[in-house]
2 protein chains.
Amino acid sequence: MRKWFAASMPMLAALFLSVTATHADPLASWQDTAAKEAIVTFVERVTNEGSLDFVPPAERIATFDNDGTLWAEQPMYFQFMFALDRLKALAPQHPEWQTTEPFASLLKCNVKAALSGGEPAIAKIILATHTGMTTDEFDQVVLDRVTTAKHPMSGRLYTQMVYQPMLELLDYLRANGFKTFIASGGGIDFMRPWTEEVYGIPPEQVVGSSVKVSLEVRDGVPVLMRSPEINFIDDKEGKPVGIQQHIGRRPLAAFGNSDGDLAMLQWTKAGVGIRFALLVHHTDSEREWAYDRQSSIGHLDKALDEALANGWTIVDMKKDWKIIYPFEIN
Amino acid sequence: MRKWFAASMPMLAALFLSVTATHADPLASWQDTAAKEAIVTFVERVTNEGSLDFVPPAERIATFDNDGTLWAEQPMYFQFMFALDRLKALAPQHPEWQTTEPFASLLKCNVKAALSGGEPAIAKIILATHTGMTTDEFDQVVLDRVTTAKHPMSGRLYTQMVYQPMLELLDYLRANGFKTFIASGGGIDFMRPWTEEVYGIPPEQVVGSSVKVSLEVRDGVPVLMRSPEINFIDDKEGKPVGIQQHIGRRPLAAFGNSDGDLAMLQWTKAGVGIRFALLVHHTDSEREWAYDRQSSIGHLDKALDEALANGWTIVDMKKDWKIIYPFEIN
């Protein structure tokens, strides 16, 4: 199942070696600006056994949003593009979609009309394309797609459009005894098949939105079927709830990029002792995208105000990151 | 919060050293019988890189039921005894309980009458005693109780009534690259405050039944409130579902003791390649308790038939375990 990565492993290993040989700095893609300094200072304080802020390794929980924090999310969430692909692939088996919204508009490639139905329309699209199969089957569908689908603008695989500075940050935190988790509004089972290879985050450390699953027996064999019913939405006020249910500890550090992450950051900072909250601010219209308060995707408004008011760390992608994507490394 | 263990650490360390000095065998409390041999053979096969059955460490997921598998569960589930204690402590604030079932019977110490209401009565008792407070407050309530409450028959702390051979098995699996999880019908938040110290299983590796929690703001500070509403029952067919939602991988090995674990064991064994399923059979009326098909607690009937029919490993506690509890070690 994980074989598609095997071919690229020597290349990745060579890349890794060349990077580590060139830079002793574990955060080599970060400019030496305030954001980087804040990260390093925080990590040194909680890991220094002589420090009053010392935190035992078991309690060093770091939670990361995914869309817009670890990988890109424009011009629309990658999972939504996956859903559109699935919709087209499944359409022949669903003639009724030709005359039912939001499917009819989508099949005519009119995303805007399809989404005029708001969140209920999005839920219909996700449920129609993500359920009605076993968990094992869905894993395979995701993996097949993620290994081949190209981003419409960059022509890159979605998994290549991850942020190199954030990969370094994940490694840096783990090297300092942190356990890294994803806490995303995206589908938990859309992420799990590939997060281990791409981010070094195993499936059991992924928290996300989910559909209900139920145990059924097929030809005498138990299978878990994905039902067209929402189980949990891991977004906004749901993020602290999802973190509590999955992890059972409050994060020591949390990383996000939008108002969907605000509750997670507030919950993190409300913990006893030193805590770290960071927002990735999309400010780079040339190398990536620039958007915040006016954007429907990655909407960043209240959380930006809170971050500014409370002195949370804000990453200015344009100024704070030397490179954006791993493929920029020569 | 975890300080109560600190005092006993030197003693535990001394004990550990004396045990390891005496026995090089990591499963020293296991008799050299078929159960032990089955465990060791399985572990050697999946960890031997030259073996066709080799499984990479990341996929070595082991799930353990708790009640009756890792610790005792007689004469009633320890969590239920905790609930009864809580009920008595909270009764002064709930005069209505004096005239409402199942509370009225319980407050008269008539457990049998109280439980005549079956599962709905149990749910009422759990919800009344486990909710209406923040998650942090509940953690503290559990910890206060678990550090002081004595078992009515043994006079020991509940956390002393864990099975020494299973502690060794947890360590042995971890030493062989397994990640150990609890998958219990018990309350996830009743277990998490103490499983790390007692079993070496951190909160994020505990799967269990849960109530709904929601984010509220109290005096400007976000808190997670425990609501009197069931979120998930991690028992029977719910166990594979809970494992999927929390872990996202099928276990390589699963350990239980009752029909409540049957679906988990079947789900585990239905995976591709070699898998391990084990049942702890309570056969020792002298050192522990002897019960199976007729018992309402730890009811073991169908799962025993399946284990016998399919050659799963069955631990006969009386014959297979040299000692039951850690406090038996001199």
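Everything that follows concerns the structure shown earlier in this document.
Residues numbered from 1 in each chain as written. Chains lettered and ligands numbered in written order. Predicted model: local features only at pLDDT ≥ 70, side-chain atom pairs only at ≥ 80, totals over all residues. Heavy atoms only, no water.

1. Some points on helix H3 (residues 78-90) of chain A
Residue and element names in this part refer to chain A.
In step 1: The end-to-end C-alpha distance of H3 is 18 Å, a good match for the 18 Å that 13 residues give at a rise of 1.5 Å each.
In step 2: Where burial is concerned, most of H3 is hidden: ten out of the 13 residues are buried.
In step 3: Taken as a whole, H3 has its buried residues at Phe78, Gln79, Phe80, Met81, Phe82, Ala83, Leu84, Arg86, Leu87 and Leu90.
In step 4: Elements in contact with the buried residues of H3: helix H4 (103-107), helix H5 (111-115), helix H6 (118-130), helix H7 (135-146), strand S2 (179-187) and helix H9 (188-199). (Helix = DSSP H or I, 4+ residues; strand = E, 2+ residues; numbered from the N terminus. Expected span 1.5 Å × (residues − 1). Buried < 20%, exposed > 50% of the residue type's maximum accessible area, 1.4 Å probe, protein only. Contact = heavy atoms within 4.5 Å.)

2. Quick word on the pairing of S2(A)
Regular strands have side chains that alternate between both faces of the sheet.
Residues and elements named next belong to chain A.
In step 1: Within S2, seven of the nine residues are buried, which leaves it mostly tucked inside the rest of the structure.
In step 2: Relative to S2, strand S1 (residues 61-64) runs parallel, the two sharing four bridges. What sits directly across from Ile61, in S2, is Lys179.
In step 3: Relative to strand S3 (residues 206-218), S2 runs parallel, the two sharing three bridges. Directly across from Ala183, in S3, lies its bridge partner Val207. (Pairing = 2+ DSSP bridges.)

3. With respect to the environment of A:Glu288
Residues and elements named next belong to chain A.
In step 1: Along the chain, the position of Glu288 falls in the loop between strand S6 (276-281) and helix H12 (302-310).
In step 2: What makes Glu288 buried here is its relative accessible area of 5%.
In step 3: As a C-alpha pair, Glu288 and Ile324 span 36 residues in sequence and 7.5 Å in three-dimensional space.
In step 4: At 2.4 Å, the side chain of Glu288 and the side chain of Tyr163 are in polar contact.
In step 5: Of the polar contacts made by the side chain of Glu288, one reaches the side chain of His282; its length is 2.8 Å. (Polar contact = N/O pair within 3.5 Å; in protein donor to acceptor, adjacent residues only side chain to side chain.)

4. Focus on the relation of the copies chain A and chain B
In step 1: Superposition of chain A onto chain B requires a rotation of 180° combined with a translation of 0.0 Å along the rotation axis, giving an RMSD of 0.0 Å. Such a turn and shift between the copies fits a two-fold axis. No C-alpha of chain A approaches the rotation axis more nearly than that of A:His246, which lies at 3.1 Å.
In step 2: A share of 100% of interface residues in chain A that are also interface residues in chain B marks the association as one of identical surfaces. (Least-squares fit on C-alpha atoms with pLDDT ≥ 70 in both.)

5. Considering the sheet that holds strand S4 (residues 221-232) of chain A
Residues and elements named next belong to chain A.
In step 1: Read across the sheet, seven strands follow the order S4-S3-S2-S1-S5-S6-S7 without closing on themselves; strand pairing throughout is mixed. Each having just a single partner strand, S4 and strand S7 (313-316) make up the two edges of the open sheet. Direction aside, the axes of adjacent strands within the sheet are offset by 30° on average.
In step 2: Strand direction decides the pairing type here: S6 and S7, joined by four bridges, are parallel. Along S7, the bridge assignment pairs Leu279 with Ile314. (Axes fitted to C-alpha atoms, helices over the stretch in contact; angles between N-to-C directions.)

6. Focus on the sheet that holds strand S1 (residues 61-64) of chain B
Residue and element names in this part refer to chain B.
In step 1: The mixed open sheet is built from seven strands, whose spatial order is S4-S3-S2-S1-S5-S6-S7. Where the open sheet ends on each side, the last strands, each with one partner, are strand S4 (221-232) and strand S7 (313-316). The average angle at which neighbouring strand axes cross in this sheet is 30°, direction not considered.
In step 2: Where strand S3 (residues 206-218) lies against S4, eight bridges are found, and the strand directions are antiparallel. Within S4, the position partnered with Ser210 by the bridge is Phe232.

7. Considerations on the packing of aromatic side chains
In step 1: Applying the stated criterion across every chain yields a total of 36 aromatic pairs over all chains.
In step 2: With a centroid separation of 6.2 Å and an interplanar angle of 25°, the aromatic rings of A:Tyr163 and A:Tyr325 are classed as stacked. One end of the pair, A:Tyr163, is in the loop between H7 and helix H8 (164-175); the other, A:Tyr325, is in the segment after helix H13 (317-320), and 162 residues separate them in sequence.
In step 3: Among the residues examined, A:Tyr325 registers a relative accessible area of 5% and is labelled buried.
In step 4: Each ring, one from B:Trp71 and one from B:Phe190, has its centre 6.5 Å from the other, and the planes form 55°; the classification is tilted. With B:Trp71 in the loop between S1 and helix H3 (78-90) and B:Phe190 in helix H9 (residues 188-199), the pair connects residues that are 119 residues apart, well separated along the chain. For the residue pair B:Trp71 and B:Phe190, the accessibility class agrees, reading buried in each case. (Phe/Tyr/Trp six-rings, centres within 6.5 Å; stacked < 30°, edge-to-face > 60°.)

8. Examining unusual backbone geometry
In step 1: Cis geometry is adopted by the peptide bond preceding B:Pro75, which originates at B:Gln74 and carries an omega value of 0°.
In step 2: Tracing the backbone through its elements, the reader meets B:Pro75 in the loop between S1 and H3.
In step 3: Cis geometry is adopted by the peptide bond preceding B:Pro102, which originates at B:Glu101 and carries an omega value of 5°.
In step 4: Along the chain, B:Pro102 turns up in the loop between H3 and helix H4 (103-107).
In step 5: Positive phi, close to 60°, is recorded for A:Cys109, a residue that is not glycine.
In step 6: Its location among the elements puts A:Cys109 in the loop between H4 and H5.
In step 7: Look at A:Cys109 and you get exposed, because its relative accessible area is 56%.
In step 8: Phi is positive for B:Lys236, which is not a glycine, with a value near 50°.
In step 9: With respect to the helices and strands, the residue B:Lys236 is situated in the loop between S4 and helix H10 (238-246).

9. Some thoughts on the packing of helix H10 (residues 238-246) of chain A against H9(B)
How two helices pack is summed up by the angle between their axes together with the distance between the axes.
In step 1: Running from N to C, H10(A) and H9(B) cross one another at 65°; their axes reach a closest spacing of 10 Å. Taken together, H10(A) and H9(B) sit at an angle that is classed as roughly perpendicular. Counted together, A:Gln244, A:Gln245 and A:His246 of H10(A) and B:Ile188, B:Asp189 and B:Arg192 of H9(B) form the full contact between these two elements.
In step 2: Residue composition of the contact of H10(A) with H9(B), grouped by class: one nonpolar, three polar and two charged. (Parallel < 35°, antiparallel > 145°, perpendicular 65-115°, else oblique. Nonpolar A, V, L, I, M, F, W, Y, C, P; charged D, E, K, R; others polar.)

10. Notes on the packing of H3(A) against H7(A)
Residues and elements named next belong to chain A.
In step 1: Packing of H3 against H7 leaves a shortest axis separation of 11 Å and a crossing angle of 105°. Of the possible angle classes, the one that applies to H3 and H7 is roughly perpendicular. Residues Phe82, Asp85 and Arg86 of H3 form the contact with H7, whose participating residues are Phe138, Val141, Val142 and Arg145.
In step 2: Taken together, the residues of the contact of H3 with H7 sort by class into four nonpolar, no polar and three charged.

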